[in-house]
There are 2 protein chains.
Amino acid sequence: MHARLLNPRGAPVRQAGVRAHNLALVLRHVAGAATPPSRAAIAAATGLTRATVSALVDDLVAGTLLTELTPAPRAGAGRPAVGLALSPDGPAGLGLEVNVDYLSAAVVDFTGHVRHRVVRHLDQRPAGADRTLQHLSRLAGEALTRAGTDGLTIAGGALAVPGLVTGDLVKVAPNLDWRDVDPIALLRRATTFKDIPLTVDNEANLAALGELHATPGTPTFVYISGEIGIGAGIVVDGALFRGVRGFSGEIGHIPVHPDGPACRCGARGCLEQYAGQEAILRAAGVPLTGRPDESLATLAAWAAAGDATTLTALAGAATALGTAVSTVVNLLDVDTVILGGSYAPLLPWLHDGVNLEIARRVLTAAWTPVTIQAATLGPSAAVTGAGDSVIRTIRDDPATWLSRR
Amino acid sequence: MHARLLNPRGAPVRQAGVRAHNLALVLRHVAGAATPPSRAAIAAATGLTRATVSALVDDLVAGTLLTELTPAPRAGAGRPAVGLALSPDGPAGLGLEVNVDYLSAAVVDFTGHVRHRVVRHLDQRPAGADRTLQHLSRLAGEALTRAGTDGLTIAGGALAVPGLVTGDLVKVAPNLDWRDVDPIALLRRATTFKDIPLTVDNEANLAALGELHATPGTPTFVYISGEIGIGAGIVVDGALFRGVRGFSGEIGHIPVHPDGPACRCGARGCLEQYAGQEAILRAAGVPLTGRPDESLATLAAWAAAGDATTLTALAGAATALGTAVSTVVNLLDVDTVILGGSYAPLLPWLHDGVNLEIARRVLTAAWTPVTIQAATLGPSAAVTGAGDSVIRTIRDDPATWLSRR
């Protein structure tokens, strides 16, 4: 499932593309090294000659993708080796997110560090796609201004949406009531974006990719985004599993009780009706004020205070979520489930209930435990993953980036 | 997810393994050709030189993997080109299957053709692993005798079981009540197998691989095996998706009603309790005689005759199956679902009910229809796929086979 630059199955081995392959190889080695490696160390680790490595590193430094660190003085003979690291001044990614109850923008630099992030909490359902994306353009403008102050070049932007995306089109986002929306065309009406390339993807997919890069020791997992809607990103062997048409991961519409309450998707008894953010708030009796971030804080406070109704609401959500997670594990045999969105702060009250259903329903649970953990990137996983996805494209194929400068 | 012989991600390109790669390339080209190709045609299609192709073909013919067909006389000048085809006298695979209510053995020749198949219908639950595998050894002996009469060399055997397999161990087969059974050790007590290498895998996985090779135009699908238990094999881009530990595809334990009847797995309300073969037979009032093949024939006859109770039973199973299939499609975004085992002959009475649930529950169903079809290999998909898996190992890596002769 990885993109491979050379030798796809069945093709003869060719020389063309070798430099591109080796540039990516060097960049990957530096990105993954525990301490900044020298040219000699890169040569030893990759099997390339020192002359080849030096030429490649020179190109990567000139292209602002790598930076040379001032060597520490050392006691022994000879010139101390210069260490190489990803450049914090290299191309940066703009992350954008539309969710049902907030908008967000973030700037992620070439090292993967989040340099700026802004969030506006507001129910987007009354606004419609047009006004929502106008609002997001203004937020993006703030982020771009701050990136400019830092001297960063924005290489591209990625938009996370809670819906099904094909190409640049949002086919359907049930909780926003969007159908066949072209968000990039709407964003481009604002002058904010000028020549910045933009892409759009499902928010759980982008969040899952963000988590993958934030926790590289876990190459296979299911990321579950618990918002008003519930989505999942499936990561297998370090790559996103998108399905045949890119629509995988719709865990929010797993039926918990097939004849249960009606869902925005048109079906009945979907997981979102039992474990979606608003379903939990309603069951706990928390007032829905139009500021779901405040309602969520109230919910967590009531749970921490031991309010019985709140704890019952969370236990019910945990059982429903655990039933759906068991289905995912039985089908896909993943051993790690990462809970993000509003599930991240609520994990203390969800963890045991989810685990109980797994123990009941997963055939392999007795001898191969499933780990349930909160998203490392917390509730901002999607917007961070979106910005990160831009720089990953360059990290995976630096030759194309260098050739375009 | 394919095994690649050369240039795994991150490794420098090496010459070693080029012959092995090219042997597989030539064999794959011959296997996929519409008409038997000549050496010149193989050279043109693969980009290899004619001299290289001739040397490789000579090795493959000497190893009985390819055969040269007598050329048809032709009118033009020059020697007519010899066509090449997979050899029906090449190494053959022995497929074995233990299921809850039958045992089966099959011999699949190197072209993928089933040369012999035997089935014994008998409820295996009272027998236990030991006696079941003794019985299977005798069945295998019959198949091997017939293969010998045909002059076939058995390259290996693969055993399909309705349970979770890790390495050679069946961790659990709930409907057989097997736990931590080593079936290969038990089979090897019989002299039948002598030096034949044996492997074991989940029956739905082997059936899915069999279907993949029988219908090469459909590289992504979910195969659902409807027996007393219900399993699935997930095929993505022409390769089996096994999950982290090889336990993927346990669709039979998707909860349909989370508080429903107790299942053999220990949970409640699993799909098997609504759409498993015995659940359908019971709901239809067909007597369970210990010969489920006869009961199934009765069920189909009653359905064909329009018996109301039988049609209600099948409609209920179709709704439950459709609910589970919708979950699979929402999660994995597959566009084809293949129904095998007893579902293949029952498809006329399941099709509409499954489709109705998909239309109700799958978010993408309105604009990207899901195809539901019966297994091409019918109820023998698993044992055929098992035999086929042996020859696929040789087809994918002929160099190893040739070096061992």
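Residue positions are given per chain, counted from 1 along the sequence in the order it is written. Labels are handed out in written order, letters beginning with A for the chains and numbers beginning with 1 for the ligands. Per-residue local features of the predicted model are confined to residues with pLDDT of at least 70, and side-chain atom pairs are confined, for both listing and counting, to 80 or more; whole-chain, interface and lining totals are unaffected and use all residues. Just so you know, side-chain values use all the structure's heavy atoms and leave hydrogens and water out.

## Some thoughts on the overall build of chain A
What counts here: The helix count covers DSSP runs of H or I at least four residues long, the strand count covers runs of E at least two residues long, and both are numbered beginning at the N terminus. Here the globule rule is a power law, 2.2 Å times the number of residues to the power 0.38, and the radius of gyration is based on C-alpha atoms. We call a residue buried when its accessible area falls under 20% of the maximum for its residue type, exposed when it is over 50%, and partly exposed in between, using a 1.4 Å probe and counting protein chains only. We call two residues in contact when some of their heavy atoms are within 4.5 Å. In this tally, Asp and Glu contribute negative charge and Lys and Arg positive charge; neither His nor the terminal groups of the chain are included. Each charge is placed at NZ for Lys, CZ for Arg, CG for Asp and CD for Glu.
Scanning chain A from N- to C-terminus turns up 13 helices and 15 strands. Computed over the C-alpha atoms, the radius of gyration of chain A is 23 Å, within 12% of the 22 Å expected from 2.2 N^0.38 for a compact globule of 405 residues. With respect to the three principal axes, the spread of C-alpha positions in chain A is 70 × 55 × 50 Å. Across the 405 residues in chain A, those meeting the buried criterion constitute 56%. Counting only contacts in chain A whose residues sit at least 6 apart along the sequence, the fraction spanning at least 24 positions is 61%. Across chain A, 33 positive and 35 negative side-chain charges occur, with their mean positions spaced 6 Å apart.

## A closer look at the side chain of E272(A)
All names here are of chain A. Threshold: The salt bridge criterion pairs a side-chain nitrogen of Lys or Arg with a carboxyl oxygen of Asp or Glu, the two atoms within 4 Å. Under the rule applied, a polar contact is a pair of N or O atoms within 3.5 Å (in protein, one hydrogen donor and one hydrogen acceptor; residues adjacent in sequence only if both atoms are side-chain atoms).
Within the secondary structure, E272 is located in helix α7 (residues 272-275). One buried charged residue, E272, remains without a salt bridge, the closest side chain of opposite sign being R264 at 7.5 Å. There is a polar contact of 3.2 Å between the side chain of E272 and the side chain of N175. Once residues lying within four places of it in the same chain are set aside, the contact partners of E272 are N175, I228, G229, I230, G252, H253, C263 and A279.

## Examining the pattern of salt bridges
Residue and element names in this part refer to chain A. Going through the model one piece at a time under the given rule, you end up with 34 salt bridges over all chains. Across the pair E68 and R39 runs a salt bridge, and its minimum N-O distance is 2.9 Å. Of this pair, E68 sits in strand β1 (residues 66-69) while R39 sits in helix α2 (residues 39-46); the two residues are 29 residues apart in sequence, bridging distant segments of the chain. Looking at E68, the relative accessible area reads 39%, which means it is partly exposed. R39 sits in the buried class, given a relative accessible area of 19%. Note that R291 is salt-bridged to D293, the shortest N-O span being 2.7 Å. Overall, R291 belongs to the partly exposed group, its relative accessible area being 31%.

## Section: the interface of chain B and chain A
Keep this limit in mind: Note on terms: buried area is the combined drop in 1.4 Å-probe accessible area of two parts once they are placed together, counting the loss on both.
Contacts between the two partners involve 61 residues from chain B, matched on the other side by 61 residues from chain A. Approximately 5,600 Å² of surface area, both sides summed, lies buried where chain B meets chain A, with 62% of it carried by carbon and sulfur atoms. Linking chain B with chain A are two salt bridges, by the criterion used here. Across the pair R245(A) and D333(B) runs a salt bridge, and its minimum N-O distance is 2.5 Å. Elements with a contribution of two residues or more to the side of chain B that touches chain A: α1 (18-32), β8 (169-173), β12 (230-236), α10 (308-332) and α11 (343-361) of chain B.

## Some details on the pairing of strand β15 (residues 371-374) of chain B
Residues and elements named next belong to chain B. Here is the rule we go by: Strand pairing is assigned whenever DSSP identifies at least 2 bridges connecting the two strands. We call a crossover right-handed when, viewed with the strands running away from us, the connection from the first strand over the helix to the second turns clockwise.
Looking at chain direction, strand β14 (residues 336-341) and β15 are connected through four bridges and run parallel. Looking across to β15, one finds that T336 is bridged to T371. The parallel pair β14 and β15, bridged by α11, forms a crossover whose chirality is right-handed.

## Some words on the pairing of strand β9 (residues 178-181) of chain B
Inspection of the sheet shows β8(B) paired to β9(B) by three bridges, in the antiparallel sense. Within β9(B), the residue paired with V172(B) across the bridge is R179(B).

## Describing the relation of the copies chain B and chain A
What counts is decided by this rule: We superpose the copies by least squares over the C-alpha atoms of residues that have a pLDDT of at least 70 in both of them.
Superposition of chain B onto chain A requires a rotation of 180° combined with a translation of 0.0 Å along the rotation axis, giving an RMSD of 0.1 Å. Look at the turn and shift together and you get a two-fold axis relating the two.

## Examining the state of the cysteines
Selection criterion: For the purposes of this analysis, a disulfide is any pair of cysteine sulfur atoms at a distance within 2.5 Å.
This structure, assessed with the given rule, holds zero disulfides over all chains. Cysteine C265(A) is unpaired, with the sulfur of C270(A) as its nearest cysteine sulfur at 3.7 Å.

## Some words on the domain arrangement of chain A
Spelled out, the test is: Domains are outlined according to an automatic or database domain assignment.
Split into domains, chain A comes out as domain 1 (18-86), domain 2 (92-207 + 382-404) and domain 3 (216-375). Here the C-alpha centre of domain 3 of chain A lies 43 Å away from the C-alpha centre of domain 1 of chain A.

## Focus: the packing of aromatic side chains
Basically, it comes down to this: Pairing of aromatic rings covers Phe, Tyr and Trp, the last counted by its six-membered ring, and requires centre-to-centre distances within 6.5 Å; plane angles under 30 degrees mean stacked, over 60 mean edge-to-face, and any other angle means tilted. Whether a charge sits over a ring depends on NZ of Lys or CZ of Arg being within 6 Å of the ring centre and within 35 degrees of the ring normal.
Inspection of the entire model under this criterion finds three aromatic pairs over all chains. With centroids separated by 6.0 Å and ring planes inclined at 40°, the aromatic side chains of F241(A) and F241(B) adopt a geometry described as tilted. With one member in each of two chains, F241(A) in strand β13 (residues 239-241) and F241(B) in strand β13 (residues 239-241) form a pair that bridges those chains. Here F241(A) and F241(B) have matching classes, each one buried. Judged by centre distance (5.7 Å) and plane angle (85°), the rings of F247(A) and W367(B) are edge-to-face. Of this pair, F247(A) sits in the loop between β13 and α7 while W367(B) sits in the loop between α11 and β15, placing the two residues on different chains. Lying across the ring of W367(A), K171(B) places its NZ or CZ 4.8 Å from the centre. The cationic tip of R395(B) hangs over the ring face of F110(B); the distance from NZ or CZ to the ring centre is 5.8 Å.

## A short note on the sheet that holds strand β6 (residues 154-161) of chain A
Residue and element names in this part refer to chain A. Note the following rule: In this description, a line fitted to the C-alpha atoms serves as the axis of each element, helices being fitted only across the stretch in contact, and the angle between N-to-C directions of two axes falls anywhere from 0 to 180 degrees.
Strands sit in the order β5-β4-β3-β6-β10 across an open sheet of five strands; the sheet is mixed. The strands lining the two open edges of the sheet, one partner per strand, are β5 (114-121) and β10 (198-202). Neighbouring strand axes in the sheet, compared pairwise and without regard to direction, differ in orientation by 15° on average. Bridge count for β6 against β10 is five bridges, and the pairing is parallel. Its bridge partner being in β10, G157 is matched across the sheet by L198. Where helix α12 (residues 381-396) meets the sheet, its contacts fall on β3 (92-98), β4 (102-108), β5 and β6, and the angle it forms with β3 comes to roughly 145°.

## Notes on the sheet that holds strand β6 (residues 154-161) of chain B
All names here are of chain B. Sheet architecture is open: five strands sit in the order β5-β4-β3-β6-β10, paired in mixed fashion. Each of the sheet's edge strands pairs with one partner strand only, and the pair in question is β5 (114-121) and β10 (198-202). Shown here is a sheet whose adjacent strand axes are inclined to one another by a mean of 15°, direction ignored. Two elements, strand β4 (residues 102-108) and β5, share seven bridges in a ladder whose sense is antiparallel. Bridging across to β5, Y102 finds its partner in H121.

## Focus: the nonpolar core
Our working definition: Put simply, buried Ala, Val, Leu, Ile, Met, Phe, Trp, Tyr and Cys residues joined by side-chain atoms within 4.5 Å make one nonpolar core.
Counting 88 residues, the largest nonpolar core has I224(A), I251(A), L332(A), I224(B), I251(B) and L332(B) as the members making the most contacts within it. With residues up to four places along the chain from it excluded, the contact list for I251(A) reads I224(A), I230(A), G231(A), A232(A), L271(A), A324(A), V328(A) and L331(B).

## A short note on the environment of H121(B)
Residues and elements named next belong to chain B. Inspection of the secondary structure assignment puts H121 in strand β5. Overall, the relative accessible area of 30% leaves H121 in the partly exposed class. Once the C-alpha coordinates of H121 and D109 are considered, the two residues, twelve residues apart in sequence, prove to be 25 Å apart. Once you skip the residues sitting within four places of it in the chain, H121 turns out to touch D101, Y102, R291 and D293.

## Section: unusual backbone geometry
All names here are of chain A. Although it is not a glycine, T64 sits at a positive phi angle of roughly 60°. Topologically, T64 is positioned in the loop between α3 (50-62) and β1. On the basis of relative accessible area, T64 is assigned to the partly exposed category, the value being 27%. Even without being a glycine, D237 presents a positive backbone phi close to 50°. Along the chain, the position of D237 falls in the loop between β12 (230-236) and β13.

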